[in-house]
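Per-entry structural report
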2 protein chains.
Amino acid sequence: MANKPPLISPGIRAKLETARVARLATLDAERRPHAVPICFAWDGSVFYSAIDHKPKRVPPNQLARLKNIKETPQVALLVDQYDEDWTCLWYVLVRGEAELVSAPAERKRAIQSLRAKYPQYDADMLADDAPVLRITPGRITAWGKI
Amino acid sequence: MANKPPLISPGIRAKLETARVARLATLDAERRPHAVPICFAWDGSVFYSAIDHKPKRVPPNQLARLKNIKETPQVALLVDQYDEDWTCLWYVLVRGEAELVSAPAERKRAIQSLRAKYPQYDADMLADDAPVLRITPGRITAWGKI
């Protein structure tokens, strides 16, 4: 990494390690916000998310999140968990840049982390050569019970 | 409303009526994405969300979502529910414009809907004069089991 990742508390670290879903906000070609839920793996400094075999509305190369980050790498990644007891609410907001991983070794490592985190990925849901996004945090903020 | 709301299926309608949380993506002053979880009420055509008494990191008038929509009204509102059974996954993505509600009658109606939906709001969590955002959908898309 060119830059050191932001320092984060053990509470935030625990949330980022265990959360099963995040919401990825990107900008479309007209620089309007777009958002999708994503599965992700965090290696302690960057986040990885793959274009997997869950059904898609369009072919992978047409996916909004990929087209969007190519034009505008700035993204927001929101990790949170809703609870009816509002004293338990929390969120972690990661702002940074996303890029398609091009190095095969890094992609392989990312896919291994995703398969290790999500048993669903063992069942043919994730190709060895699936496109992988790397999200490099620039700033991490948190709110609530963390 | 000046424009008719987008036509949506009964499945999407049901999700928007029952979902307890959404994630609101906005743009910051540098036009980079920002996102927060929000509670909301949908009246069948527009979405309302209030600045309530949950603790905030900053005073209400400094809240990122309010500053952001003042500069750039375009927002994305993502409604989804994660499930470990990936055949059950779905999301609804609402793209549109957000504005602070200025008419007292509309704000009152919005606050009533929010209190009706969230029992938590009965317990002094929402002031009668709380700032309320109105999100007017321009486009609604859906994916998955809906």
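For the structure given in this document, a descriptive report is provided here. (Residues numbered from 1 in each chain as written. Chains lettered and ligands numbered in written order. Predicted model: local features only at pLDDT ≥ 70, side-chain atom pairs only at ≥ 80, totals over all residues.)

Bringing the overall build of chain A into the picture now. Helix and strand content of chain A: three helices and seven strands. Starting at the N terminus and walking to the C terminus, you meet the elements of chain A as α-β-β-β-β-α-β-β-α-β. Taking 15 Å as the expected radius of gyration for a compact globule of 146 residues, we find that chain A reaches 15 Å, a close match to that expectation. Excluding contacts between residues fewer than 6 apart, the proportion of contacts in chain A whose partners are at least 24 apart in sequence is 70%. (Helix = DSSP H or I, 4+ residues; strand = E, 2+ residues; numbered from the N terminus. Rg over C-alpha atoms; globule rule 2.2 N^0.38 Å. Contact = placed C-beta atoms within 7 Å.)

The next thing to look at is the interface of chain A and chain B. Listed per partner, the contact involves 28 residues of chain A and 28 residues of chain B. Only strand S1 (22-27), strand S2 (33-38), strand S5 (74-81) and strand S6 (90-100) of chain A provide two or more residues apiece to the side of chain A that touches chain B. Broken down by class, the residue content of the side of chain A that touches chain B amounts to 16 nonpolar, four polar and eight charged. (Nonpolar A, V, L, I, M, F, W, Y, C, P; charged D, E, K, R; others polar.)

What follows deals with the relation of the copies chain A and chain B. Least-squares fitting of chain A to chain B yields an RMSD of 0.0 Å, with the superposition described by an axial translation of 0.0 Å and a rotation of 180°. Such values leave the two copies arranged in the relation of a two-fold axis. By residue overlap, the copies meet face to face through one surface: 100% of the interface positions of chain A are interface positions in chain B. (Least-squares fit on C-alpha atoms with pLDDT ≥ 70 in both.)

As a general point, the strands of a sheet are linked pairwise by backbone hydrogen bonds and lie either parallel or antiparallel. Residue and element names in this part refer to chain A. One open sheet holds the seven strands; their spatial order is S2-S1-S5-S6-S7-S4-S3, and the pairing between them is antiparallel. The open sheet has two edge strands with one neighbour each: S2 and strand S3 (41-42). Relative to the sheet, helix H1 (residues 10-18) contacts S3, S5, S6 and strand S7 (132-144), its axis offset from that of S6 by approximately 60°. Docked against the sheet, helix H3 (residues 104-117) engages S3, strand S4 (47-50) and S7, running at close to 85° with respect to S4. (Pairing = 2+ DSSP bridges. Axes fitted to C-alpha atoms, helices over the stretch in contact; angles between N-to-C directions.)

Residue and element names in this part refer to chain B. An order of S2-S1-S5-S6-S7-S4-S3 is seen for the seven strands of this open sheet, with the pairing classed as antiparallel. Because the sheet does not close on itself, it has two edges, and the strands there are strand S2 (33-38) and strand S3 (41-42). For strand S4 (residues 47-50) and strand S7 (residues 132-144), the ladder comprises four bridges, and the chain directions are antiparallel. What sits directly across from Phe-47, in S7, is Ile-135. Relative to strand S6 (residues 90-100), helix H1 (residues 10-18) is tilted by about 60°, and along the sheet it contacts S3, strand S5 (74-81), S6 and S7. Strand contacts of helix H2 (residues 64-71): strand S1 (22-27), S2, S5, S6 and S7, with the helix running at about 50° to S1, the strand carrying the most contacts.

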